[in-house]
Amino acid sequence: MHRQIKLLLTTIILLSTVGISTAQTRTYSPTSRYGIGEMNYRGFGRNEAMGGTGIGVRTSRHLNSLNPASYSAIDSLNFFFEVGVSGNSNTLSHNHQSQTFSDLYFDYFAIGFPVSPRVRTSFGVKPVSQAGYQFEIIQSPQDNPVLQSAIGTGNISSAYGGVGIKISDNLNLGVHASYWFGNIKHTSFSEFLGDNIRVHGLQNHHQINSFIFDFGVQYNVNEHLTLGAVFRPRTPMRGKTSTTLATGRQYQLDGSLFFNSDTISSSTLRWNNNEFEMPMNLGVGASYRFNERFLLAMDYSTQRWSSANFPDDISQTVNTNMLSLGAELVPNERTATRYFQRVRYRAGLRYYEDYLKYNNNQITDFGMTFGLGLPVGRTFTSINLGFEYGMRGTSDSNDLSETYTRFTLNFTMQEFWFRQRRFD
């Protein structure tokens, strides 16, 4: 009965988070103004604290969504339950002026368990991208000032199922099947100050409902070194982009154009063929375990956005490159009396060249991460804390720059659900 209650609670949380994941503001970054917003590449709690590494990392203590081949490392008797929440603070700076935003939101949910002696699986909901910005600029063409406003809202989430297969003692394969869903709204307004005329508004509304497949492999060279790779083919997306041009007196701050509007024009582009494509993604990684105490990991990945079609003519896309370094130290996992020697200490670095250009300059992102894995009692269940400090912007000092801090709280429950009883 105890296990049945846990399974029921797990199912309820999974279903409820599908709705929650699309109703939040996960970012206040102005870089989310274009495309389908700010992309999320960080993975789960442990991955985030280690700089976003995970392609070449295998562990029986956590779920690793960055490479589905890693699921085969799940113990044959264990059931995993992971849930994470995050909070961020963004400080935007331009021309010696700055403004700070902050928020707390649900991040992800996942479960994992064995299917057969060689097959493990995982299911969950996690964020893909998000838009959240609001800013105003006054322009003065020929002494006729115009207030330009821009508002962005929405999230794209992923409900995924993954399988990891142990082919041999050294070789492991995996696949993710993900259903992407949600919407992103980019809205802009033009208001001629001093004139009692209607405000002009333009909105691009991207709605996605499409399947994505990711493939992974991990190879244990020896007991210390693991190599990994992930691949996603160039994939046509299903969904639509609705474009509306309207006028009104008062616009809404939630990105819904006007309270009462007159529509000048509207059009809908359905992505039935190749109107919008997710680019090819290729990533490689490696991890080296020096002993039972210290793990070092490194990842490199790229997405070929420059050759993929995009559903608007405003966003300038470019190929991405991301390099991540991460480390984890546990002084003495076997000690029975010294708690802080069983704590897992994590740190990492991350450098990312974004898929978007701003004023013909590619956006870059550099972050430093730290984290703790706090064991609960003498079990493998843990509470994981993470912190990231980063800077985002372009090489042009005149462009808008951003510094951010990100806090993560992740709960990992690991229990023996599949142990056979010897006695009734």
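Computed from a prediction, not measured in an experiment: that's the story for all the values here.

Points about the overall build of the protein
Right, so step 1: On a plain count of helices and strands, the protein comes out with two helices and 21 strands.
Right, so step 2: Residues counted as buried form 50% of the 424 residues belonging to the protein.
Right, so step 3: Carbon together with sulfur atoms contributes 56% to the accessible area of the protein, which is approximately 20,300 Å² in total.

Re the pairing of strand β11 (residues 239-248)
Right, so step 1: Taking burial as the measure, the 10 residues of β11 include seven buried ones, the bulk of the element.
Right, so step 2: Pairing of strand β8 (residues 199-220) with β11 involves 10 bridges; the strand directions are antiparallel. For N204, the partnering residue across the bridge sits in β11 and is T243.

Regarding the nonpolar core
Right, so step 1: With 22 residues, the main nonpolar core has I36, W180, I208, M237, F276 and M278 as its most contacted residues.
Right, so step 2: Listed by contribution, the elements that provide at least two residues to this core are β7 (171-192), β8 and β18 (344-358).
Right, so step 3: Excluding anything up to four places from it in sequence, I36 contacts S129, Q130, I184, I208, F276, M278, F310 and Y355.
Right, so step 4: In terms of nonpolar packing, the next biggest core, distinct from the first, is built from eight residues, L63, F80, A110 and Y160 among them.

A few points about the packing of aromatic side chains
Right, so step 1: The tally for this structure, following the rule as stated, stands at 14 aromatic pairs.
Right, so step 2: When the ring of F79 is compared with that of F113, the centres are 6.2 Å apart and the planes differ by 10°; the resulting orientation is stacked. Within this pair, whereas F79 is found in strand β2 (residues 78-94), its partner F113 is found in strand β3 (residues 97-116), the two being separated by 34 residues in sequence.
Right, so step 3: For F113, a relative accessible area of 21% gives the class partly exposed.
Right, so step 4: A centroid spacing of 4.9 Å and a plane angle of 70° characterise the contact between W271 and F276, whose relative ring orientation is edge-to-face. F276 matches W271 in its accessibility class, with the two residues each being buried.
Right, so step 5: Feature note: the residues F79, F113 and F123 constitute an aromatic cluster, connected by ring pairs.

Some words on the pattern of salt bridges
Right, so step 1: Scanning the model with the defined rule gives 16 salt bridges in all.
Right, so step 2: The partner of R334 in a salt bridge is E292, with the nearest N and O atoms 3.2 Å apart. Taken together, the residues span a long stretch of sequence, with R334 in the loop between β17 (320-329) and β18 and E292 in the loop between β14 (281-289) and β15 (294-303) at a distance of 42 residues.
Right, so step 3: Classification of R334 by relative accessible area gives exposed; the value is 62%.
Right, so step 4: Linking D365 and R392 is a salt bridge whose minimum nitrogen-to-oxygen distance equals 3.1 Å. With D365 in strand β19 (residues 361-375) and R392 in strand β20 (residues 382-393), this pair connects stretches of sequence that are 27 residues apart.

Examining a nonpolar patch on the surface
Right, so step 1: Together, V284, M298, Y300, L323, L325, L349, Y351, F366, Y389 and M391 make up a nonpolar patch on the protein surface, roughly 850 Å² of accessible area in all.
Right, so step 2: Mapped by element, the contributors of at least two residues to the nonpolar patch are β15, β17, β18 and β20.
Right, so step 3: Looking at the secondary structure, you find M298 in strand β15.

Focus: the pairing of β14
In the case of a regular strand, side chains alternate between the two sheet surfaces.
Right, so step 1: Two elements, strand β9 (residues 225-232) and β14, share eight bridges in a ladder whose sense is antiparallel. The residue of β14 that forms the bridge with R232 is N281.

Focus on the environment of E48
Right, so step 1: Note on placement: E48 falls in helix α2 (residues 45-49).
Right, so step 2: For E48, a relative accessible area of 8% corresponds to the buried category.
Right, so step 3: Once you skip the residues sitting within four places of it in the chain, E48 turns out to touch R42, G43, D107, T369, R406 and T408.

Here we look at the side chain of N47
Right, so step 1: Within the secondary structure layout, N47 lies in helix α2.
Right, so step 2: Here N64 takes part through its side chain, which lies 3.1 Å from a polar atom of the side chain of N47.
Right, so step 3: In this structure N47 touches R42, G52, T53, G54, L63, N64, S65 and L66, once residues within four positions along its chain are discounted.

Looking at the environment of H186
Right, so step 1: For H186, the location among the structural elements is in strand β7.
Right, so step 2: The exposure class assigned to H186 is buried, which follows from its relative accessible area of 10%.
Right, so step 3: Residues H186 and H206, spaced 20 residues apart in sequence, show a C-alpha to C-alpha distance of 8.4 Å.

A few points about the confidence of the model for the protein
Caution applies to low-pLDDT regions: their predicted coordinates should not be interpreted in detail.
Right, so step 1: When pLDDT is averaged across the protein, the result is 83; 83% of the residues are at 70 or more.
Right, so step 2: Here residues 1-23 is a poorly scored stretch, pLDDT under 50, and it has 31 contacts once near neighbours within four places are set aside; other chains count.

Description of the environment of L372
Right, so step 1: In this structure, L372 sits in strand β19.
Right, so step 2: When the C-alpha atoms of L372 and Y345 are compared, they prove to be 4.9 Å apart, with 27 residues separating the residues in sequence.
Right, so step 3: Sequence-distant contacts of L372, defined by excluding residues within four places in its chain, comprise V343, R344, Y345, R346, I383, N384 and L385.

What counts, and where the lines are drawn
- Residues numbered from 1 in each chain as written.
- Predicted model: local features only at pLDDT ≥ 70, side-chain atom pairs only at ≥ 80, totals over all residues.
- Heavy atoms only, no water.
- Helix = DSSP H or I, 4+ residues; strand = E, 2+ residues; numbered from the N terminus.
- Buried < 20%, exposed > 50% of the residue type's maximum accessible area, 1.4 Å probe, protein only.
- Areas by Shrake-Rupley, 256 points an atom, 1.4 Å probe, with all protein chains shown as cover.
- Pairing = 2+ DSSP bridges.
- Core = buried A, V, L, I, M, F, W, Y, C linked by side-chain atoms within 4.5 Å.
- Contact = heavy atoms within 4.5 Å.
- Phe/Tyr/Trp six-rings, centres within 6.5 Å; stacked < 30°, edge-to-face > 60°.
- Salt bridge = Lys/Arg side-chain N within 4 Å of Asp/Glu carboxyl O.
- Patch = residues over 30% accessible without salt bridge, like charges linked within 9 Å, V, L, I, M, F, W, Y side chains within 5 Å.
- Polar contact = N/O pair within 3.5 Å; in protein donor to acceptor, adjacent residues only side chain to side chain.
- pLDDT = per-residue confidence, 0-100.

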